[in-house]
Amino acid sequence: MHCALCIIAMSSCSKDLDFKYHDIDPLTVIEAELTPGGSRVAITLTTPMDEPMDRTRLTDATVTLRDLSTDTEFLLRVDRDGYFTDPTPGIPGHDYRLTVQRGTAIYEAETHMYPPTEIVSLEFNWINMPYDQVAVLQAQYLDDPSTDQECYWVKLYRNGEIYSWQEQDDRGAVDGVATFFTMTSRRDTDEEEDDEVLFDGDEMTFTVTQISKAMHDYLEALQHDSNGPAMFTGPRILGYFLASSPVSRTITFHPDQIPEYK
């Protein structure tokens, strides 16, 4: 009886909760990628949770990239969008060190550059769910069966804008082929959320990039809002350095042409 009265009392009144977040000084964030098309590095700062995100790119730094396999160093220069860039292609099989100096702080990260994989197939299928039919997008790509626990970063783009992403490893690969699948849009688009709905003619681009185990764990931590491995040495910092060869394939969504999954 007393419990019921407490529940009624609690539900009959409301009060705004004023959460006090632990404020810390802004942290530097480095997002760096090296591909066969060259290198690009973005440097930003974290922002408090109760303020709009500030994506202003910082340019008051010196950024260098060293090919450890040839002992060659490149100085990255700032482009018109605030990225540090260099057009020198990354070479699969080589090891690289990225160094960022900002003021007295020096941050460094090393990684191996991975080769491209090959996308074998990309297709939609309708599956029956209790509430509706749902279009499942499935992709298959090659995985080297001679090595253990290769890791990948899979990204989906809808008409050029990011749709979803996830990290994968090759524990589910069969005969050297890894599979990715995700549920996308319901057939009844009126009942679908805007961030998931697909319309006839939408282009879905599947991109897969081989990554290190440390990068896989970093992305997994992001997915679960937990602590991940430190990717850089130096003062406290967030971010990553990725060297790889992404490959992509695009499929057009035509709901009337999608077969049902058998």
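Just above, that's the structure.
The following refers to the structure shown.

What counts as what
Residues numbered from 1 in each chain as written. Predicted model: local features only at pLDDT ≥ 70, side-chain atom pairs only at ≥ 80, totals over all residues. Heavy atoms only, no water. Helix = DSSP H or I, 4+ residues; strand = E, 2+ residues; numbered from the N terminus. Buried < 20%, exposed > 50% of the residue type's maximum accessible area, 1.4 Å probe, protein only. Contact = heavy atoms within 4.5 Å. Core = buried A, V, L, I, M, F, W, Y, C linked by side-chain atoms within 4.5 Å. Salt bridge = Lys/Arg side-chain N within 4 Å of Asp/Glu carboxyl O. 1 Å grid on protein atoms, 1.4 Å probe; cavity = no way out; pocket = protein on both sides within 12 Å on 5 of 7 lines; lining within 4 Å. Points joined across faces, edges and corners; volume = space filled by probe spheres on them. Nonpolar A, V, L, I, M, F, W, Y, C, P; charged D, E, K, R; others polar. Phe/Tyr/Trp six-rings, centres within 6.5 Å; stacked < 30°, edge-to-face > 60°. Lys NZ or Arg CZ within 6 Å of the ring centre and 35° of its normal. Pairing = 2+ DSSP bridges. Axes fitted to C-alpha atoms, helices over the stretch in contact; angles between N-to-C directions.

Digging into the side chain of Thr 182
- Tracing the backbone shows Thr 182 in strand β13 (residues 177-186).
- The exposure class of Thr 182 is buried, given its relative accessible area of 17%.
- When neighbours within four sequence positions are excluded, Thr 182 is seen to be in contact with Ala 135, Val 136, Leu 137 and Leu 156.

What to know about the nonpolar core
- Core analysis: the largest hydrophobic core is formed by 31 residues, its most contacted members being Ile 30, Val 41, Leu 98, Met 215, Phe 232 and Phe 241.
- Going through the elements one at a time, β1 (28-35), β2 (38-45), β3 (62-67), β7 (95-102), β8 (105-112), β11 (151-158), α2 (213-223) and β15 (237-243) are the ones with two or more residues in this core.
- When residues of this core are assigned to their parent elements, the largest contribution, five residues, is made by β15.
- With near-sequence residues (within four places) excluded, Val 41 lies in contact with Ile 30, Glu 31, Ala 32, Val 63, Leu 76, Tyr 83, Phe 84 and Leu 98.
- By size, the runner-up hydrophobic cluster in this structure holds 22 residues, among which are Leu 122, Tyr 152, Leu 198 and Val 208.

Concerning the environment of Glu 203
- Within the secondary structure, Glu 203 sits in strand β14 (residues 203-211).
- A relative accessible area of 42% places Glu 203 in the partly exposed class.
- Excluding its chain neighbours within four sequence positions, the residues that come into contact with Glu 203 are Tyr 157, Arg 158, Asn 159, Thr 250, Ile 251 and Thr 252.

Side note on the pattern of salt bridges
- Counting across every chain of the model gives seven salt bridges.
- Residue Glu 73 pairs with Arg 66 through a salt bridge whose shortest N-O separation is 3.1 Å.
- Between Glu 110 and Arg 97 there is a salt bridge whose closest N-O contact spans 2.9 Å. Taken together, the positions of Glu 110 in strand β8 and Arg 97 in strand β7 put the pair 13 residues apart, joining distant regions of the chain.
- Accessibility expressed as a relative area gives 24% for Arg 97, which makes it partly exposed.

Focus on the layout of surface pockets
- By volume, the second largest pocket amounts to about 160 Å³.
- What lines the second largest pocket is a set of 14 residues, among which Glu 33, Leu 34, Thr 35, Lys 155 and Pro 246 lie closest to the centre.
- The set of elements that each furnish at least two residues to the lining of the second largest pocket consists of β1, β2, β11 and β14.
- Across the lining of the second largest pocket, the residue classes tally to four nonpolar, seven polar and three charged.

Remarks on the packing of aromatic side chains
- Across all of its chains, the model carries eight aromatic pairs by this definition.
- Taken together, a centroid distance of 6.1 Å and an interplanar angle of 90° make the contact between Trp 153 and Tyr 240 edge-to-face. Of this pair, Trp 153 sits in strand β11 while Tyr 240 sits in strand β15; the two residues are 87 residues apart in sequence, bridging distant segments of the chain.
- With a relative accessible area of 8%, Trp 153 lands in the buried category.
- Among the residues examined, Tyr 240 registers a relative accessible area of 10% and is labelled buried.
- Lying over the aromatic face of Tyr 83, Arg 40 brings its terminal NZ or CZ to 4.0 Å of the ring centre.
- Between Lys 155 and the ring centre of Trp 153, over which it is positioned, the NZ or CZ distance is 4.2 Å.

A look at the pairing of strand β10 (residues 133-142)
- Buried residues dominate β10, accounting for seven of its ten residues.
- Relative to β10, strand β9 (residues 119-128) runs antiparallel, the two sharing nine bridges. Each bridged residue has a counterpart across the sheet, and for Trp 126 the counterpart in β10 is Ala 135.
- Hairpin connection of β9 to β10: four residues between the antiparallel strands.

Focus on the sheet that holds strand β12 (residues 161-169)
- The sheet built from four strands is open, its strands ordered β12-β11-β14-β16 with antiparallel pairing. Each edge of the open sheet carries a strand with a single partner, namely β12 and β16 (247-252). Across the sheet, the mean angle separating the axes of adjacent strands is 20° when strand polarity is ignored.
- As defined by bridge partners, β11 adjoins β12 across eight bridges and the pair is classed as antiparallel. Bridging from a neighbouring strand, Arg 158 pairs with Glu 161 of β12.
- Its contacts with the sheet place α2 against β11, β12 and β14, and it is angled at close to 125° to β12.

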